[in-house]
Amino acid sequence: MSEIYLEHVNITVRDPEVTAALYSKLFGWKIRWQGTAIHGGVTLHVGGENSYVALYTKGDYEPATDSYSHVGGINHIAVVVDDLDAIEERVRAEGCRIHSHADYEPGRRFYFDDPDAVEVEVVSYA
């Protein structure tokens, strides 16, 4: 039996195209799919061959009770990279605020907030 793995996470953002462009620039990801979605929204999938982040927007951000209307409704997403320092330089160049570094087994990592206040953990096991 093959290992069970996480295929995607779905987060609500203000503008999926803007967030996808940032993630593509930082991590070398590609847009895998985009189209209409639940609750009259739009979703854009950005990622690699085996996993992606689904970026959802409903377009109106009045207070709501469902998670699809809550911008940044997730604790953080994490990506694994080979060269942590190179990615950190890219993140800084894009103007994202890095707020934490950690170096503990099994790897080194840092955290930053994207423009929708979604926290991203970047970790290297190299």
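Residues numbered from 1 in each chain as written. Predicted model: local features only at pLDDT ≥ 70, side-chain atom pairs only at ≥ 80, totals over all residues. Heavy atoms only, no water.

## Here we look at the side chain of Thr57
- In this structure, Thr57 sits in strand E4 (residues 52–57).
- Here Val13 takes part through its backbone oxygen, which lies 3.3 Å from a polar atom of the side chain of Thr57.
- When residues no more than four places from it in sequence are discounted, the contact partners of Thr57 are Val13, Arg14, Pro16, Gly41 and Val42. (Helix = DSSP H or I, 4+ residues; strand = E, 2+ residues; numbered from the N terminus. Polar contact = N/O pair within 3.5 Å; in protein donor to acceptor, adjacent residues only side chain to side chain. Contact = heavy atoms within 4.5 Å.)

## Describing helix H2 (residues 84–93)
- Within the sequence span of H2, burial applies to Leu84, Ile87, Glu88 and Val91. The arc enclosing the buried residues of H2, seen along the axis, measures out at 105°, which places them on a common side. Turned more than 90 degrees off the buried face of H2, the exposed positions are Glu89 and Ala93.
- The secondary structure elements touched by the buried residues of H2 are helix H1 (16–27), strand E6 (97–104), strand E7 (107–113) and strand E8 (119–124).
- You can read the cap of H2 off the contacts: a side-chain oxygen lies 3.3 Å from the backbone nitrogen of Asp85, and it is on Asp83.
- One or two residues past the end of H2 sits Gly95, with phi positive at roughly 80°. (Buried < 20%, exposed > 50% of the residue type's maximum accessible area, 1.4 Å probe, protein only. Arc of directions from axis to C-beta.)

Remember, this is a structural readout, not a statement about activity or role.
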